[in-house]
Every structure is written in structure tokens, then in C-alpha cells.
Amino acid sequence: MNFWKEHTSLRAVLIALFFLAGLILVIYGWTLTGRLSGLGLMIAGVILLLSALMVYNKPFEGGRGPRL
């Protein structure tokens, strides 16, 4: 994807936002141990952390990987 390679500052901001929001949700959900809402917040936080990882890896996909 050329879009993510050309817009590195946007990518960095999105990664930082997703990472920080995900980390905050996971930690806050952890403090609500024993409640279903805490589990929901932790799952939402993990989804945001995985989204940050996806945005980080976007510019590197599509190429030929190593042959095994």
C-alpha cells in the first residue's frame, strides 16, 4: 500500500492513539475484576492494540516474503 508509506506521520499518530487507548482500556478493565463490564473493556482494549499492530504492518504487506 503506497498510502501508508507516503503518510508516515498519520500512521505514527494512529499507532500512538490506538496503543494508548488500548492500554488504558486494558488496565482499567483489569481493575474491574469480577465484573462483565471489565471483561468487555479488556476485550475492546485488546482489539485496539491489535489495530495498532495492523496499522504498523500495513506498509510491509504485499511483498514477496522469504521462500521456505
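Look above for the structure.
Residues numbered from 1 in each chain as written. Predicted model: local features only at pLDDT ≥ 70, side-chain atom pairs only at ≥ 80, totals over all residues. Heavy atoms only, no water.

Peer 1: In this structure, what is going on with the overall build of the chain? I would like to understand it.
Peer 2: Scanning the chain for helices and strands turns up 3 helices and 0 strands. Seen in sequence order, the chain has helices and strands lined up from the N terminus as α-α-α. Looking at the chain as a whole, 18% of its 68 residues qualify as buried. A separation of at least 24 residues holds for 51% of the contacts in the chain among residues at least 6 apart in sequence. Accessible surface for the chain amounts to roughly 5,400 Å². Of this, 72% is attributable to carbon and sulfur atoms. (Helix = DSSP H or I, 4+ residues; strand = E, 2+ residues; numbered from the N terminus. Buried < 20%, exposed > 50% of the residue type's maximum accessible area, 1.4 Å probe, protein only. Contact = heavy atoms within 4.5 Å. Areas by Shrake-Rupley, 256 points an atom, 1.4 Å probe, with all protein chains shown as cover.)

Peer 1: Please explain the packing of helix α2 (residues 8-31) against helix α3 (residues 36-57) as it appears in this structure.
Peer 2: Any two packed helices are characterised by the angle at which their axes cross and by the distance between the axes. Two numbers describe how α2 lies on α3: the axes approach to 7 Å, and their chain directions differ by 160°. In terms of axis orientation, α2 runs roughly antiparallel to α3. Crossing of α2 over α3 shows left-handed handedness. For the contact of α2 with α3, the per-class residue count stands at 19 nonpolar, 5 polar and 1 charged. (Axes fitted to C-alpha atoms, helices over the stretch in contact; angles between N-to-C directions. Parallel < 35°, antiparallel > 145°, perpendicular 65-115°, else oblique. Left-handed = near helix turned anticlockwise from the far one by under 90°. Nonpolar A, V, L, I, M, F, W, Y, C, P; charged D, E, K, R; others polar.)

Peer 1: Would you mind going over a nonpolar patch on the surface with me for this structure?
Peer 2: Side chains of Phe19, Leu20, Leu23, Ile24 and Ile27 sit close together on the surface and give an oily, nonpolar patch of about 480 Å² of accessible area. Looking at the element boundaries, Leu23 is found in helix α2. (Patch = residues over 30% accessible without salt bridge, like charges linked within 9 Å, V, L, I, M, F, W, Y side chains within 5 Å. Salt bridge = Lys/Arg side-chain N within 4 Å of Asp/Glu carboxyl O.)

Peer 1: When you look at α2 in this model, what are you seeing that I'm missing?
Peer 2: Each full turn of the α-helix corresponds to 3.6 residues, which orients residues three or four apart in the same direction. The end-to-end C-alpha separation of α2 is 35 Å, in line with the 34 Å expected for 24 residues at 1.5 Å each. Of all the positions in α2, only Arg11, Gly22, Val26 and Gly29 are classed as buried. Elements in contact with the buried residues of α2: α1 (2-6) and α3. (Expected span 1.5 Å × (residues − 1).)

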